[in-house]
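Secondary and tertiary structure notes
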Amino acid sequence: MGGNEQKYVEEAFATNWVAPLGPHVDAFAQQLAAQTGTTAAAALSSGTAALHLALIIAGVQPGDYVICQSMTFCASANPIRYVGAEPVFVDSEPETWNMDPEALKEAIAFCLKQGKKPAAIIPVHLYGMPARMNEILELARQYEIPVIEDAAEALGSTYMGKPCGGLGDMGILSFNGNKIITTSGGGALVSNRPEDAARARFLSTQAREAAPHYQHEVIGYNYRMSNICAGIGRGQMEVLAERVAQRRANHNFYREALADLPGMRFLVEPEGFFSNFWLTTVLVDPSLSGGITREQIRLELERYNIESRPLWKPMHLQPVYEGTPYFGGDVAARLFENGLCLPSGSNLDTADRSRIAELIRGLWVSETSRLNHAHV
Ligand SMILES: *Cc1c(COP(=O)(O)O)cnc(C)c1O
């Protein structure tokens, strides 16, 4: 927490705005629109709920194809099933680990061949790194397919000077407990069409029509954010820039401390890409590291009660999505095999990070001495 969150929450109590609406909800939504360079936002109960509503607003129908990045958290894909549509997964490209525009092209061609133009495309800015949006948007425009940007991990990231979340037709954000800023749980839909945000607010309020009695003409949802959570969000927005700086400092630290290790690779921002580096992630190539794997690093850290995690397991490799069409190669699969998220909290200090880096370096040192002995 940054400091003012509690003040806003107390204000909600003092004014008795303890409900899924109120002044904090409106103010937080306005801040989110400003932050993403969009015209309107709807504050919702989660990022998953935001994606569900975005698909409905984009007009996705049961049986439609929706193209989604395979390398992501399941919440990017599950809402496709909520609306009865069929996911088509695409591989990542090696520089950003996000949607490969070439694989996207193949996926679109596949859908067209089945006589069904894809109803939406969902690129993800994974770990804060922007996807190649110019190429993705160009293809989407060519075929007039709406783009729903999953910016759940990328608040504060920018692409060619523009904020992530505001690049596509609609964007979704998450304020789950693990994200760069949090409302304890929450999400938002942002758009440059004010009617999209208005529709999201309407659908998130059980689609209650404007009437004194309870009138319903379409199926709605209970997806609103509470005024208490939005109060936390307002406090968090005051420290977003600081959080981005802290996460980037983690990344820079690890990179300086570890990049010289053979077989260790860090994500590098291409020209014009600015990542919030929500998490610092590394790839470990055992053929260059003397056989050291990402799993060995994970277990070594675990011995000292330090948690690290493999990267997201791609959706096309998940049992729940078995048999789903997939386009591309093995980039996402290899990222899953060799990738690791290092401890990346905003509150890590230099002593914490040094300890982690030393433990990792230690693996390389002992491997080298083992090899030298074998040589002797
Ligand atoms: C966290 C996350 C979501 C979902 O957000 P929730 O608020 O947890 O529902 C969606 N997509 C990605 C890539 C995420 O990391």
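So, the sheet that holds strand β7 (residues 162–163)
In space, the 3 strands of this open sheet follow the order β7-β6-β11, with antiparallel pairing throughout. Taken across any chain shown, the strands that pair with only one partner, and hence form the sheet edges, are β7 and β11 (273–274). Two elements, strand β6 (residues 158–159) and β7, share 2 bridges in a ladder whose sense is antiparallel. Counterpart to Tyr159 in the pairing with β7 is Lys162.

Quick look at unusual backbone geometry
Positive phi is not limited to glycine here, since Trp97 has a value of about 70 degrees. Taking relative accessible area as the criterion, Trp97 reaches 2% and is therefore assigned buried. Phi at Phe277 takes a positive value of approximately 45 degrees, unusual for a residue other than glycine.

Overview of the sheet that holds strand β14 (residues 326–327)
In space, the 4 strands of this open sheet follow the order β4-β2-β3-β14, with parallel pairing throughout. The sheet is open, and its two edges are formed by β4 (120–122) and β14, each paired on a single side.

Here we look at the pairing of strand β2 (residues 65–69)
Moving residue by residue along a regular strand, the side chains alternate between the two faces of the sheet. In terms of burial, β2 is largely enclosed, as 5 of its 5 residues are buried. The two faces of β2 match: Tyr65, Ile67 and Gln69 on one face and Val66 and Cys68 on the other face are all buried. Direction of pairing for β2 relative to strand β3 (residues 86–90): parallel, over a ladder of 5 bridges. Paired with Gln69 across the strands is Val90, a residue of β3. With 3 bridges joining them, β2 and β4 adopt parallel strand pairing. When the sheet's bridge partners are listed, Ile67 is paired in β4 with Ile121.

Considering the state of the cysteines
Taken as a whole, this structure holds 0 disulfides when the rule is applied. Lacking any disulfide linkage, Cys164 is separated from the closest cysteine sulfur, that of Cys68, by 16 Å. A relative accessible area of 2% places Cys164 in the buried class.

A word on the site of the ligand
Lining the immediate environment of the ligand, one finds 15 residues, of which Thr48, Asp150, Glu153, Ser174 and Lys179 sit closest. Relative to its unbound accessible area of 380 Å², the ligand is 94% covered by the protein chains. In the shell around the ligand, the residues fall into 4 nonpolar, 8 polar and 3 charged.

Remarks on the domain arrangement of the protein
Segmenting the protein into domains produces domain 1 (5–239) and domain 2 (241–375). For domain 1 and domain 2, the distance between their C-alpha centres works out to 28 Å. Contacts between domain 1 and domain 2 engage 44 residues on the former and 40 residues on the latter. Taken over both partners, the interface formed by domain 1 and domain 2 buries close to 3700 Å², and the fraction arising from carbon and sulfur atoms is 65%. Seen at the junction of domain 1 and domain 2, the total is 0 salt bridges. On the surface where domain 1 and domain 2 come into contact, there are 24 residue pairs in polar contact (both at pLDDT 80 or more). Those elements that provide at least two residues to the side of domain 1 that touches domain 2 are α4 (78–82), β3, α5 (101–113) and β6. Classifying every residue of the side of domain 1 that touches domain 2 gives 25 nonpolar, 11 polar and 8 charged.

Conventions adopted
- Residues numbered from 1 in each chain as written.
- Predicted model: local features only at pLDDT ≥ 70, side-chain atom pairs only at ≥ 80, totals over all residues.
- Heavy atoms only, no water.
- Pairing = 2+ DSSP bridges.
- Helix = DSSP H or I, 4+ residues; strand = E, 2+ residues; numbered from the N terminus.
- Buried < 20%, exposed > 50% of the residue type's maximum accessible area, 1.4 Å probe, protein only.
- Disulfide = S-S within 2.5 Å.
- Near = heavy atom within 4 Å.
- Areas by Shrake-Rupley, 256 points an atom, 1.4 Å probe, with all protein chains shown as cover.
- Nonpolar A, V, L, I, M, F, W, Y, C, P; charged D, E, K, R; others polar.
- Domains from an automatic or database assignment.
- Contact = heavy atoms within 4.5 Å.
- Buried area = accessible area lost by both parts, 1.4 Å probe.
- Salt bridge = Lys/Arg side-chain N within 4 Å of Asp/Glu carboxyl O.
- Polar contact = N/O pair within 3.5 Å; in protein donor to acceptor, adjacent residues only side chain to side chain.

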